[in-house]
Amino acid sequence: MIDVIIIGGGPAGLTAATYLRRFHRSCLLLDARDSRARWIPESNNCPGFPQGVSGEELLRRMRTQAETFGTRIEHAQVDAIVAVDDGFEVAAGEQRWHARRVILATGLSDRLPGGDWVEQAVACGAMRLCSVCDAYEVSDQRIGVYGPADAIGVHALFLRAYSGTVYALPSDSGDGGQSARDARDAGVQWCAGGGSLGFGGDKCSYTPPGGDPIVLDTVYPYLGSDTSAGIAAKAGARLDDDGEIIVDADQQTRLPGLYAIGDVVSGLNQISVAVGHAAIAATHAHNALPFVARGGRAAGAGP
Ligand SMILES: Cc1cc2nc3c(=O)[nH]c(=O)nc-3n(C[C@H](O)[C@H](O)[C@H](O)COP(=O)(O)OP(=O)(O)OC[C@H]3O[C@@H](n4cnc5c(N)ncnc54)[C@H](O)[C@@H]3O)c2cc1C
């Protein structure tokens, strides 16, 4: 019986592992190795890295830190969590593990425009996926905001605070409603919808139907995301309307002993939030587990 199984080895799961091992708890981290953070070419808002850090480098450092304190990390795609009498059974294919507590840190995945160039465009900054993270880096540049007309107005307005040249690039022919009017009033250039996105050199472009390509320094697509909360929902956790897990102030789902942290939880999707969730969940799980005195009898224990 393991004290805590952590599912997911991104910033959230790796931080939880470091905390739990430093509480002298046994813990196993199961990871499918597809962290959203690996897409980050360079993060400049991650605390402690004034010169920036790539997602891969950050993950490498966090894995080293977790392993330094004895975390066992296994490659696995978990497909079920089942509450049992004394905790949880976690399954990945034919493999089974048992733990008193489970912390789910499985993140989400962004829906991306079609095209085999997308990964390259993200790597060079021609396409960006998180304006809270990196809009500062494209201040005063030509910014495109791509996605359904109803969804992009609010994001275009947010980005208008960074640049005087913001184009809304609707993927459909909707008029975008009030949020589009607000964006236009603030100076966003609203293009004809239903055009195509392209990539060449180190720039993305948008070609409206029957029009000429507009070359942009960067494009933010807003096409939604796919949650990984399905296994938690099957186990009995409650999800919000966006499919993200609802937790209490201790990061616990409505199933006692099942925690959720990071992007899989309803809230702001940021590394600093994910590691904050991890500290809260790991500390609560530790305090809720049976007390174990170290190196001798606990004060007040019987003979
Ligand atoms: C291009 C880009 C740039 C970004 N820039 C920044 C930035 O500058 N600053 C910032 O704060 N944030 C940034 N973010 C957001 C940041 O990457 C996420 O908030 C962060 O990675 C969330 O961490 P997490 O641990 O919750 O999830 P993730 O990092 O996504 O990790 C989840 C892990 O769980 C694993 N997993 C999923 N399902 C299972 C399963 N069933 N079984 C086992 N393992 C599973 C996945 O394979 C993955 O390894 C950026 C994101 C992107 C895409």
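Keep in mind the model is a prediction, meaning the values are calculated, not measured.

A. Inspection of the pairing of strand S11 (residues 196-200) at higher detail. One ladder, built from five bridges, connects S11 with strand S12 (residues 203-207); its direction is antiparallel. The partner of Phe199 across the bridge, within S12, is Cys204. With antiparallel pairing between neighbouring strands as the criterion, S11 and S12 make up a hairpin whose turn holds two residues, including Gly201 at a positive phi of roughly 65°.

B. Quick look at the side chain of Asp240. In this fold, Asp240 is placed in the loop between helix H7 (230-235) and strand S16 (258-260). Among buried Asp, Glu, Lys and Arg side chains, Asp240 stands out as unpaired, with Arg238 the closest opposite charge at 9.5 Å. Side chain to side chain, Asp240 and Ser266 meet in a polar contact 3.0 Å long. When near neighbours in sequence (up to four residues on either side) are disregarded, Asp240 contacts Ile246 and Ser266.

C. The arrangement of the site of the ligand in detail. In the neighbourhood of the ligand, 32 residues make up the surrounding shell, with Asp31, Asp34, Ser35, Asn45 and Ile271 lying closest. Ala32 is positioned with one of its backbone polar atoms (N or O) 3.0 Å from a nitrogen atom of the ligand. Calculation on the ligand without its partners gives an accessible area of 1000 Å², and the protein chains cover 96% of this total. Those elements giving two or more residues to the shell around the ligand turn out to be helix H1 (11-22) and strand S2 (27-31). Class assignment for the residues of the shell around the ligand results in 14 nonpolar, twelve polar and six charged.

D. Highlighting the packing of H1 against helix H2 (residues 55-68). One can describe the packing of H1 onto H2 by two numbers: an axis separation of 8 Å at closest approach and a directional angle of 25°. If you check the angle between H1 and H2, you find them roughly parallel. The two elements H1 and H2 meet at a crossing, and its hand is left-handed. Only Leu59, Met62, Arg63, Gln65 and Ala66 of H2 make contact with H1, whose side of the interface consists of Pro11, Leu14, Thr15, Ala17 and Thr18.

E. View of a nonpolar patch on the surface. On the surface, Val132, Phe158 and Leu268 cluster together into a nonpolar patch covering about 260 Å² of accessible area. With respect to the helices and strands, the residue Phe158 is situated in helix H5 (residues 149-160). Note on Phe158: relative accessible area 37%, which makes it partly exposed.

F. Region of interest: the state of the cysteines. Within this structure, the stated rule accounts for one disulfide. No disulfide involves Cys204; its sulfur sits 7.3 Å from the nearest other cysteine sulfur, which is in Cys124.

G. Region of interest: the pairing of strand S9 (residues 165-170). For S9, a buried count of five out of six residues is recorded, marking the element as mostly surrounded by other parts of the structure. The sheet contact formed by strand S8 (residues 142-147) and S9 spans six bridges and is parallel. Each bridged residue has a counterpart across the sheet, and for Tyr146 the counterpart in S9 is Leu169. Regarding topology, H5 serves as the crossover connection from S8 to the parallel S9, and that connection is right-handed. One ladder, built from two bridges, connects S9 with strand S10 (residues 189-190); its direction is parallel. Note on S10: the bridge partner recorded for Tyr167 is Gln189. A crossover links S9 with its parallel partner S10, the connecting element being helix H6 (residues 177-185), and its sense is right-handed.

Reading the values: rules and limits
Residues numbered from 1 in each chain as written. Predicted model: local features only at pLDDT ≥ 70, side-chain atom pairs only at ≥ 80, totals over all residues. Heavy atoms only, no water. Pairing = 2+ DSSP bridges. Helix = DSSP H or I, 4+ residues; strand = E, 2+ residues; numbered from the N terminus. Buried < 20%, exposed > 50% of the residue type's maximum accessible area, 1.4 Å probe, protein only. Lys, Arg positive; Asp, Glu negative; His and termini not counted. Salt bridge = Lys/Arg side-chain N within 4 Å of Asp/Glu carboxyl O. Polar contact = N/O pair within 3.5 Å; in protein donor to acceptor, adjacent residues only side chain to side chain. Contact = heavy atoms within 4.5 Å. Near = heavy atom within 4 Å. Areas by Shrake-Rupley, 256 points an atom, 1.4 Å probe, with all protein chains shown as cover. Nonpolar A, V, L, I, M, F, W, Y, C, P; charged D, E, K, R; others polar. Axes fitted to C-alpha atoms, helices over the stretch in contact; angles between N-to-C directions. Parallel < 35°, antiparallel > 145°, perpendicular 65-115°, else oblique. Left-handed = near helix turned anticlockwise from the far one by under 90°. Patch = residues over 30% accessible without salt bridge, like charges linked within 9 Å, V, L, I, M, F, W, Y side chains within 5 Å. Disulfide = S-S within 2.5 Å. Right-handed = clockwise from strand over helix to strand, strands pointing away.

Any link to function would need more than the numbers given here.
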